[in-house]
Amino acid sequence: LEDEIDAKVEKFEVKPKGKLYVYIHEDESYLAYEVELNFLDPQPGRWKYFIDADSGDVINKYNMLHEITGTGTGVLGDTKSFEVTKVSNTNYTAKDTTRGKGIETYNARNRLIQPGTLGSDSDNNWTDGALVDAHAHAQATYDYYKNAHNRNSFDNKGAKIISTVHYGRNDNRAFWNGVQITYGDGDGRLFRPFSAGLDVVAHELTHAVTERTAGLIYENESGALNESMSDIFAAMIDNDDWLIGEDVYTPETPGDALRSLEDPTVAGDPDHYSNRYIGPADEGGVHTNSGINNKAAYLLAEGGTHSGVTVTGIGRNDTAKIYYYALTNYLNPNSNFSAMRQAAIQSATVLFGANSQQVESVKDAYDAIGVQ
Ligand SMILES: [Ca+2]
Ligand SMILES: [Ca+2]
Ligand SMILES: [Ca+2]
Ligand SMILES: [Ca+2]
Ligand SMILES: [Zn+2]
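Computed from a prediction, not measured in an experiment: that's the story for all the values here.

A. Quick peek at the overall build of the protein. Scanning the protein from terminus to terminus reveals eight helices and 19 strands. Reported as C-alpha extents along the three principal axes, the dimensions of the protein are approximately 85 × 50 × 30 Å. Burial status across the protein gives 50% buried among its 372 residues. A total of about 16,800 Å² of accessible surface is found on the protein, and carbon and sulfur atoms cover 46% of it. For the protein, the separation between the mean place of its 31 positive charges and that of its 54 negative charges on side chains is 6 Å.

So this is what it looks like as structure tokens:
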């Protein structure tokens, strides 16, 4: 075995023992021992060996665990690795069996179909950037929720995460439809393939989390909170900036983004309740008024003075804990901005104590955006 996997196994999960029976292999029958070798380190394996009882020769052997690591190049030319399945020496599929009930990434091949065909590659060096990014970014988002919040996929029961790339032709959309995530390739002017944005992927998957928890109705203030939750966790997962969509929006214009949590006004969104949109477009401005709550989350994490109120920042991690607790414990389908404030205060109280800086900063952040 150690020659086979080119590594030393220190510990077996199950004590290997032989089972003697007649084994038929390539039209020959043998009196053989079947031995299962089950181990986690240096990488998980579950090998079956069939050993001739007379000669001690190995008749056959195979690994029943086929998940392995693939490498590939993303839309932006970056190299990354991710878990895939080895079907054969010349066929690898974009199927990760190591996280929850799996992460599978499909290819619509420019048709308007879902999910399309399971992504595959012949040599495990993956060059379809949109597919690579959708798969790797779904894994990163899964890992964030697992590591930061001990959440096992969007339903917390390991639900399979299914994504489709190359949806339609030059399609400027990315969306969660209640079943899976779908990414267009963008038209190359307004957008590049959407899965290139870790924050885009995190935003869409957070819609699935919200759907299975608070269930915030997608219109008016509850809808703006739904959108804001997706932006807040997108900024926790793609945590090198407070912008949304900077890696996919307007490929020819550097520095801009779809939205900003730091300053929603740069994308034309309000940063104070008094400036909220009250018209009917966009389900009552769900992608507009999200800016108000986004600004509160930004101030809570980073601190700053806004509309005359100074907020002491508590950092991204504590901010994420507060919003996650609020989303999964207090918010409900009809929650409005005021309910969001109360839910955040209550969450900070449970997590950090009534007299904590975190509670004080939540109150200040919501004061700063004009929400009581
Ligand atoms: Ca290849
Ligand atoms: Ca970023
Ligand atoms: Ca970002
Ligand atoms: Ca741009
Ligand atoms: Zn959204």
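B. Quick look at the coordination of the calcium ion (ligand 2). Within the protein, Asp238 (OD), Asp238 (OD), Asp240 (OD), Asp241 (OD) and Glu246 (OE) serve as the donor atoms for the calcium ion (ligand 2), at 2.2 to 2.7 Å. Between the calcium ion (ligand 2) and the calcium ion (ligand 3), the interatomic distance is 3.5 Å, and aspartate 238 donates to each metal, bridging them. Judged by relative accessible area, which is 15%, aspartate 241 ranks as buried.

C. The arrangement of the UniProt feature "active site" (unreviewed entry) in the protein in detail. The UniProt record annotates "active site" (unreviewed entry) at Glu204 and His287. These annotated residues cover 84 residues of sequence, and their C-alpha atoms lie no more than 13.3 Å from one another, placing them together at a single site. Positionally, glutamate 204 belongs in helix H3 (residues 198-212). For glutamate 204, the residues in contact, after removing those within four places along its chain, are Ala174, Phe175, Trp176 and Ile181. By secondary structure assignment, the location of histidine 287 is in helix H5 (residues 281-302). With near-sequence residues (within four places) excluded, histidine 287 lies in contact with Tyr218, Glu227, Arg259, Asp269 and Asp282.

D. Main features of the packing of helix H4 (residues 220-237) against helix H6 (residues 315-330). The N-to-C vectors of H4 and H6 enclose an angle of 145°; their axes lie 10 Å apart at closest approach. H6 is crossed by H4, and the crossing has left-handed handedness. On H6, the residues that touch Met229, Ile232, Phe233, Ala235 and Met236 of H4 are Arg316, Thr319, Ala320, Tyr323, Tyr324 and Leu327. Looking at the contact of H4 with H6 residue by residue, the classes come out as nine nonpolar, one polar and one charged.

Thresholds applied
- Here the residue numbering is sequential within each chain, running from 1 through the sequence in written order.
- Each chain is given a letter, starting from A, and each ligand a number, starting from 1, according to the order in which they appear as written.
- This being a predicted model, a pLDDT of at least 70 is required before a residue's local features are given, and a value of 80 or more before pairs of side-chain atoms are given or counted; all residues contribute to the totals for chains, interfaces and linings.
- Side-chain descriptors were evaluated using all non-hydrogen atoms of the structure, hydrogens and water having been removed beforehand.
- Only DSSP runs of H or I with at least four residues qualify as helices, and only runs of E with at least two residues qualify as strands; both kinds are numbered from the N terminus onward.
- Each residue is placed in one exposure class: buried if its accessible area under a 1.4 Å probe, protein chains only, is under 20% of its type's maximum, exposed if it is over 50%, and partly exposed if it falls in between.
- Surface accessibility follows the Shrake-Rupley procedure with a 1.4 Å probe radius. Residue values consider only the protein chains on display as shielding.
- By the counting scheme adopted, Arg and Lys are positive, Glu and Asp are negative, and His together with the chain ends is not counted.
- Charge positions are represented by NZ for Lys, CZ for Arg, CG for Asp and CD for Glu.
- Donor criterion used throughout: N, O or S atom within 2.8 Å of the metal, extended to 3.2 Å for Na, K and Ca. Water excluded; incomplete-looking sites may result.
- UniProt positions are given in the numbering used here, feature names are shortened, and annotations may be inferred rather than shown by experiment.
- Contacts are assigned to residue pairs with any non-hydrogen atoms lying within 4.5 Å of each other.
- Here, axes are lines fitted to C-alpha atoms. For helices the fit covers the stretch in contact, and angles between N-to-C directions go from 0 to 180 degrees.
- Put simply, a crossing is left-handed when the front helix is turned counterclockwise from the back one by less than a right angle, and right-handed when it is turned clockwise.
- In this classification, the charged set is Asp, Glu, Lys and Arg, the nonpolar set is Ala, Val, Leu, Ile, Met, Phe, Trp, Tyr, Cys and Pro, and all remaining amino acids, among them Gly, are polar.

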